[in-house]
Amino acid sequence: MTKQQTITADGTIQHIPLEKLYITDLNPRTTVSEAHIDSLADSIERFGLIHNLAGILDSDGKVGIVAGGCRLRAIQKIVERSEGHPFATLPVKLATDAAEAEDWASAENAAREDMTPADEIRAFGRMKKRGASVPEIALAFAVSEARVYQRLALAGLPEPVLDALAAGEISLGTAKAFTLSQDEALTLDILVQVKGQAVSEAAIKNALHPDAIKATDRRARFVGIEAYEVEGGTVTRDLFSDEVFLASPALLDRLFEEKLDAARADLVESEGWAWAEARREAWLNYYELDQMNLARLYPVEGDLTEDETQEYDELADLANGGVLDAEGEARLAVLQAILDGEYSDDQKAHSGCILLVNNAGKGEVPAGLVRAEDKKAAIEAGVLQAPQMTKPDAPKSPYSQKLVADMQAIRLAAVQAALLAKPELVLDLLGFGLSEASGSFESVFGFRLERPTNVPSVEDGFDHEPRLDHGTDPTAYWQNGTRVEDLSEAFAIFREDGKKARNAKITEAIARTLPYQAGGAEFFGLIAEEAGAEIRKHWTPTAENFFSRVSAGHLVDLLCEFLDCDARDERAAAFAKLKKAEKADKMEKLVSDPTTQKLMKLTPEQKTKLDTWVPDCT
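Residues numbered from 1 in each chain as written. Predicted model: local features only at pLDDT ≥ 70, side-chain atom pairs only at ≥ 80, totals over all residues. Heavy atoms only, no water.

(A) Highlighting the overall build of the protein. In terms of regular secondary structure, the protein is built from 29 helices and 13 strands. Within the protein, the proportion of its 618 residues that are buried is 37%. Looking at the protein alone, contacts between residues at least 24 apart form 70% of all its contacts between residues at least 6 apart. Counting only carbon and sulfur atoms, one obtains 50% of the accessible surface of the protein, whose full area is about 36100 Å². (Helix = DSSP H or I, 4+ residues; strand = E, 2+ residues; numbered from the N terminus. Buried < 20%, exposed > 50% of the residue type's maximum accessible area, 1.4 Å probe, protein only. Contact = heavy atoms within 4.5 Å. Areas by Shrake-Rupley, 256 points an atom, 1.4 Å probe, with all protein chains shown as cover.)

(B) Summary view of the side chain of Arg-571. Mapping Arg-571 onto the fold places it in helix α26 (residues 570–576). At 2.6 Å, the side chain of Arg-571 and the backbone oxygen of Met-600 are in polar contact. Residues in contact with Arg-571, not counting those within four places in the same chain, are Leu-559, Leu-563, Cys-565, Met-600 and Lys-601. (Polar contact = N/O pair within 3.5 Å; in protein donor to acceptor, adjacent residues only side chain to side chain.)

(C) Region of the structure containing the nonpolar core. Membership of the largest hydrophobic core comes to 33 residues, with the highest contact counts inside it found for Phe-546, Phe-547, Leu-558, Leu-559, Met-587 and Leu-590. Looking at this core, the element that brings in the most residues is helix α25 (residues 552–563), giving seven residues. In contact with Leu-558, other than residues within four places in its own chain, are Phe-546, Phe-547, Met-587 and Trp-613. In this structure, Val-235, Val-244, Leu-297 and Leu-355 belong to the second largest nonpolar core, which totals 27 residues. (Core = buried A, V, L, I, M, F, W, Y, C linked by side-chain atoms within 4.5 Å.)

(D) The sheet that holds strand β8 (residues 244–246), seen in detail. A sheet is described by the order of its strands in space; here three strands give the open sequence β6-β8-β7, paired in antiparallel fashion. Two strands in the sheet have a free side with no partner beyond their single neighbour: β6 (213–214) and β7 (235–237). Where β7 and β8 come together, three bridges link them in antiparallel fashion. From the neighbouring strand, Val-235 faces β8, where its bridge partner is Leu-246. (Pairing = 2+ DSSP bridges.)

(E) Main features of the pairing of strand β11 (residues 352–357). With respect to burial, β11 is a largely interior element, six of its six residues being buried. Here β11 shows a buried face lined by Gly-352, Ile-354 and Leu-356 and a second buried face lined by Cys-353, Leu-355 and Val-357. Alignment of strand β9 (residues 275–278) against β11, held across four bridges, turns out to be parallel. Directly across from Trp-275, in β11, lies its bridge partner Gly-352. Where β11 lies against strand β12 (residues 363–364), two bridges are found, and the strand directions are antiparallel. Pairing of Leu-356 across the sheet is with Glu-364, part of β12. Where β11 hands over to β12, the hairpin turn is made up of five residues, of which Gly-361 adopts a positive phi near 80°.

(F) Quick look at the sheet that holds strand β5 (residues 89–94). On the basis of which strands lie adjacent, the open sheet formed by five strands has the order β1-β5-β3-β4-β2 and mixed pairing. The open sheet is flanked by β1 (13–17) and β2 (21–23), the only strands paired with a single partner. Sheet twist, expressed as the mean angle between neighbouring strand axes with direction ignored, is 50°. As paired strands, β1 and β5 are joined by five bridges and run antiparallel to one another. Bridging across to β5, Ile-16 finds its partner in Leu-90. On top of the sheet, helix α2 (residues 69–81) reaches β2, β3 (53–57), β4 (63–67) and β5; it is set at about 125° to β2, its chief contact. (Axes fitted to C-alpha atoms, helices over the stretch in contact; angles between N-to-C directions.)

(G) Quick peek at the packing of α25 against helix α27 (residues 580–592). Taken N-terminus to C-terminus, the directions of α25 and α27 make an angle of 25°; their axes are 10 Å apart at the nearest point. For the element pair α25 / α27, the angle class is roughly parallel. In this structure, α25 meets α27 at a crossing whose hand is left-handed. Counting all contacts with α25, which are made through Ala-552, Leu-555, Val-556, Leu-558, Leu-559 and Phe-562, the residues of α27 involved are Lys-580, Lys-583, Ala-584, Met-587 and Leu-590. Looking at the contact of α25 with α27, its residues break down into nine nonpolar, no polar and two charged. (Parallel < 35°, antiparallel > 145°, perpendicular 65-115°, else oblique. Left-handed = near helix turned anticlockwise from the far one by under 90°. Nonpolar A, V, L, I, M, F, W, Y, C, P; charged D, E, K, R; others polar.)

This is the structure in structure tokens:
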């Protein structure tokens, strides 16, 4: 603009000297963060002023900006910090009067709307394809570089996914879940299913990789991701979290078995144990060890010298006070190992160990286990004490521990389900369990958010009560849990349902926390009896869930029990000649099939007994 030019309020765009511009009170954006102005200044300095400003000429010949205040502030900041700036004048559209200027100010700010995530993803992606760097994209859009990285991670999604995001048919979290997919056809198929549905990100990830195993799985931790990848295993990494998924479960299982077996062999060859057994389980069932008639040896405890004892006490005091350094911790561990002792060579020569991999992926070795056939030699070697008195060997239980656990879970489910119809009993038990009347340490219900097992591993023939579902798994709670935005409103809605609904919710919540044999077997039996729990209301014995899981001999015994006969009965004799699988199928039909019951000549009394029969391992 030259000195001869004049400023005219005629609705046109004119170049106004920067020193004649200021932000008028008509501009509604009075509060703007300095961070935003700094970011906008960087963008304008890099790419120039793309949009003109709008203002009104005042009586002093200056122009008050009504739209573009942030741009003016950013340019003023550029002028302050840069000498060679090109902003001596700025393009300003001048209003003809104050009313028009106020309309412009209101219209621009009302129309201003942040770019949607889908728009940002596409825009950032286009700039990236043209060769722009992340810092350049951040400058162009006045956003953080972290924002750019997040959006670019989604830029490679199929267009239909971005279309659904733009249309509001899926959430941004859902779109992020799709970045795990390497199969576009599967992505689009799942997209069709989840549009407009409230589907969790975890469910989509599982659908995209149904067989994938998290890197936090104990097998993956034990094998190691690097070893898995060296063997050709593929992994998928979540771009928006630290989650890693292993896509080759069969390979992981093989590597797990190989490393487990190698560790087992090392316990014999290098450690000197007489035998070592490797198990896939994460924990050892000591009840099963009792059933195996194993004896247990213990390490020979070591002795500390007087000086070592004093040192140990001092280090232990520091450790208890939380002020022990790394060197002290290492020394304390050495002294503790001496106290704990170790197994002697003679003990190892007559005993063995079981190798497990715990949930942290670390090997655990319960050791010093003497098998029944080795006990005599261990006693003669002086490493095992002879029993003071012998008892006749108890007959081996016909039930596996897994079957016992399943039957106990079924009984628990029956008791819990029965409690659903006994709210007064539940409330009585609740009051009793919370009072001193039950003692200080007794726990009638599991009030520590426990989730006792009430579904067997084999669900065939089991009718689960849906009101007893435990909901979100505790290990996935923070990922999949829901949050109520307005607790006051939610509480008001809850209260509208009335006391009956409230009491039902309390009963359900408390009933599902009841642990197996709460308060001991006798007290648990009292609860079951008063509640009217009936296992057969929820479980029917079938070949899959029971009869195939016990011995063939036990099936013959059961048939004789059901028919009130002995093994010489022609029905039992014919049954005994069948293969085990045939026996199991026959027993299932005997329980459920009227034709089979008629052929086996069941009396009404036997039929009634069969309808209520449950195994004696609950």
